[in-house]
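# Observations on the three-dimensional arrangement
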Amino acid sequence: MNVLFLELQKVINNSSVNLFNQRTVEGTVYNTNPSFVNNLNKLIKDHELYLVLTSHCKGSIAHEDVLYVLNSLGIDSNRFLATLFEDDSTEKMKRIQTYFDKARHQIENYLVLDN
């Protein structure tokens, strides 16, 4: 399996606003750049990537809410594996390394995409 460790903030938008704290209006998450989302979707499709979100959010966010936000952004939520939201480490690379160590036997290739 190919895994994309993805930080959404500043990858699909131009600000550091946490997309999981933003309000939606009529099912649309605002403050995103459609061309950034299209580029991300192309990367996911071309390399058959599965997503692990690395955003650092306070507290956990329900799985259904993550799927809703991804779908609202136009990202295929069927490619979503996990979040690193509940890992208390303040260093993102440590959170990624912990996840990788646990799932190493399932991961063939990986990519880290961050701002």
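Residues numbered from 1 in each chain as written. Predicted model: local features only at pLDDT ≥ 70, side-chain atom pairs only at ≥ 80, totals over all residues. Heavy atoms only, no water.

## Re the packing of aromatic side chains
- If you walk through the whole model with that rule in mind, you get three aromatic pairs.
- A centroid spacing of 5.8 Å and a plane angle of 80° characterise the contact between phenylalanine 5 and tyrosine 99, whose relative ring orientation is edge-to-face. In this pair, phenylalanine 5 sits in strand E1 (residues 2-6) while tyrosine 99 sits in helix H3 (residues 92-103), placing the two residues 94 residues apart along the sequence.
- Residue classification places phenylalanine 5 among the buried residues on the basis of a relative accessible area of 0%.
- Centre to centre, the rings of phenylalanine 100 and tyrosine 110 are 5.0 Å apart; their planes meet at 55°, and the pair counts as tilted. One end of the pair, phenylalanine 100, is in helix H3; the other, tyrosine 110, is in strand E6 (residues 109-113), with ten residues separating them in the sequence.
- Among the aromatic residues, ring-to-ring pairing joins Phe5, Tyr99, Phe100 and Tyr110 into one connected group.
- Positioned above the aromatic ring of tyrosine 50, the side-chain terminus of arginine 79 is 4.0 Å from the ring centre. (Phe/Tyr/Trp six-rings, centres within 6.5 Å; stacked < 30°, edge-to-face > 60°. Helix = DSSP H or I, 4+ residues; strand = E, 2+ residues; numbered from the N terminus. Buried < 20%, exposed > 50% of the residue type's maximum accessible area, 1.4 Å probe, protein only. Lys NZ or Arg CZ within 6 Å of the ring centre and 35° of its normal.)

## Some thoughts on the sheet that holds E1
- Strand order in the open sheet formed by four strands is E5-E4-E1-E6, and the pairing between neighbours is parallel. Strand pairing shows two members of the sheet lacking a second neighbour, strand E5 (80-83) and E6, which therefore form its edges. Going across the sheet, the axis of each strand differs from the next one's by a mean of 20°, ignoring polarity.
- Note: strand E4 (residues 49-53) against E5, three bridges, orientation parallel. Each residue of the ladder has a partner; that of valine 52, found in E5, is alanine 82. (Pairing = 2+ DSSP bridges. Axes fitted to C-alpha atoms, helices over the stretch in contact; angles between N-to-C directions.)

## Some points on the confidence of the model for the protein chain
- Scored by pLDDT, the protein chain has a mean of 81; 79% of the residues are at 70 or more.
- When mean pLDDT is compared element by element in the protein chain, E1 scores highest at 94, while strand E2 (residues 24-25) scores lowest at 52. (pLDDT = per-residue confidence, 0-100.)

## Notes on the nonpolar core
- Grouped together as the largest cluster of nonpolar side chains are 18 residues, with contacts concentrated most on Leu6, Leu8, Leu53 and Ile75.
- Looking at this core, the elements with two or more residues in it are E1, helix H1 (34-46), E4 and helix H2 (63-73).
- Leave out the neighbours within four places in its chain, and isoleucine 75 touches Leu8, Val37, Leu40, Asn41, Ile44, Leu51 and Leu70. (Core = buried A, V, L, I, M, F, W, Y, C linked by side-chain atoms within 4.5 Å. Contact = heavy atoms within 4.5 Å.)

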